[in-house]
Amino acid sequence: SWLLDPSSNHNLGNIVLKGFINEVINTMDISSDNFTFEDIDFEDVEVRREWENIDLLIKVDTYVFCIENKIFSGEHSDQLTSYKNKVEETFPKLKKIYIYLNPQGFSSIEESEIYIPISYQVIIDILENIDYLKANKFNETTKSFIDQYLVTLKRDIMGIEENSELAEKIYI
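A quick note: this is a predicted structure, and the numbers were derived from the prediction, not measured.

Enquirer: I tried to follow the environment of Asn22 on my own but got confused; where do I start?
Expert: Checked against the element boundaries, Asn22 lands in helix α1 (residues 15-27). Look at Asn22 and you get partly exposed, because its relative accessible area is 29%.

Enquirer: Looking at this structure, how should I read the packing of aromatic side chains?
Expert: Two numbers describe a pair of aromatic rings. These are the distance of the centres and the angle of the planes. Scanning the model with the defined rule gives five aromatic pairs in all. Centre to centre, the rings of Tyr98 and Tyr115 are 5.3 Å apart; their planes meet at 50°, and the pair counts as tilted. Placement of Tyr98 in strand β4 (residues 95-102) and of Tyr115 in strand β5 (residues 115-119) is noted, with a sequence separation of 17 residues between them. Assigned by exposure class, Tyr98 and Tyr115 land together as buried. By way of ring pairs, the aromatic residues Trp2, Phe145 and Tyr149 are connected into one cluster. One cation-aromatic arrangement involves Arg48 over Trp51; the distance from NZ or CZ to the ring centre is 5.2 Å.

Enquirer: What exactly am I supposed to notice about the nonpolar core here?
Expert: Buried together is how nonpolar side chains tend to be arranged in soluble globular proteins. Phe20, Ile58, Val60 and Phe65 are the most contacted members of the largest nonpolar core, which has 36 residues in total. Mapped onto this core, the elements with two or more residues apiece are α1, β1 (45-51), β2 (54-60), β3 (63-69), β4, β5, α3 (120-128) and α4 (140-157). Phe91, Leu94, Tyr98 and Tyr115 belong to the second largest nonpolar core, which has 13 residues in total.

Enquirer: Please clarify how α1 should be interpreted in this entry.
Expert: Every α-helical turn comprises 3.6 residues, leaving residues that sit three or four positions apart pointing alike. With 13 residues, α1 should reach 18 Å at 1.5 Å per residue; the first-to-last C-alpha distance of 18 Å fits that figure. Considered for burial, the residues of α1 that qualify are Val16, Leu17, Phe20, Ile21, Val24 and Ile25. Taken end-on, α1 shows its buried residues confined to a sector of 165°, consistent with a single buried face. In this fold, the buried residues of α1 make contact with β1, β2, β3, β4, β5 and α3.

Enquirer: Would you explain a negative patch on the surface in this entry?
Expert: Together, Glu38, Asp39, Asp41, Glu43, Asp44 and Asp61 give the surface a local cluster of negative charge. Tracing the chain through its elements places Asp39 in the loop between α1 and β1.

Enquirer: Sorry if this is basic, but what is going on with the pattern of salt bridges here?
Expert: Between side chains of opposite charge, a pair can form when the charged atoms approach closely. Evaluated as defined, the whole model comprises eight salt bridges. Its salt-bridge partner being Arg48, residue Glu46 comes within 2.5 Å of it at the nearest N-O pair. A salt bridge links Lys70 to Glu68; its shortest N-O distance comes to 3.3 Å. Residues Lys70 and Glu68 agree in their burial class; the two are buried. Each of Glu46, Arg48 and Lys59 takes part in salt bridges that share partners, so that together they form one network.

What counts as what
Residues numbered from 1 in each chain as written. Predicted model: local features only at pLDDT ≥ 70, side-chain atom pairs only at ≥ 80, totals over all residues. Heavy atoms only, no water. Helix = DSSP H or I, 4+ residues; strand = E, 2+ residues; numbered from the N terminus. Buried < 20%, exposed > 50% of the residue type's maximum accessible area, 1.4 Å probe, protein only. Phe/Tyr/Trp six-rings, centres within 6.5 Å; stacked < 30°, edge-to-face > 60°. Lys NZ or Arg CZ within 6 Å of the ring centre and 35° of its normal. Core = buried A, V, L, I, M, F, W, Y, C linked by side-chain atoms within 4.5 Å. Expected span 1.5 Å × (residues − 1). Arc of directions from axis to C-beta. Contact = heavy atoms within 4.5 Å. Patch = residues over 30% accessible without salt bridge, like charges linked within 9 Å, V, L, I, M, F, W, Y side chains within 5 Å. Areas by Shrake-Rupley, 256 points an atom, 1.4 Å probe, with all protein chains shown as cover. Salt bridge = Lys/Arg side-chain N within 4 Å of Asp/Glu carboxyl O. Lys, Arg positive; Asp, Glu negative; His and termini not counted. Charge placed at Lys NZ, Arg CZ, Asp CG, Glu CD.

Right, here's the structure in full:
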């Protein structure tokens, strides 16, 4: 939530949020919705963590993004349906986008037609491709945090070993 919140003290503004939402839009089947990245006004953003047990809820413009984050656990007790119903009830006038974030980008079992599967590789790609020169007031503390977060994501969440990546770069 810290990286996705433009008002956080990372001084990255909305770079990570825009990258994430752009990837979600590219993953979605939106041909009938005429929904594009350019449709979103990123001036008014609200990020809620663990709101109503929903891992992450992001209100942007006329959209609400409901993100269920699964790392080392699976779905249980109709939670995705419950979250969807709560979001529908609370934000009836906003366009709703449901995201199922997990290491492999697998679809939800419960709500595969509603929740868009997104892999943690998307987060890795966004963070590795941040243009640090354009990031407003980017500092070493934030850079260090992101570097350590990337190591953790790759090694502990995705199971990617740094030595394997290096070997692949050398041999390819």
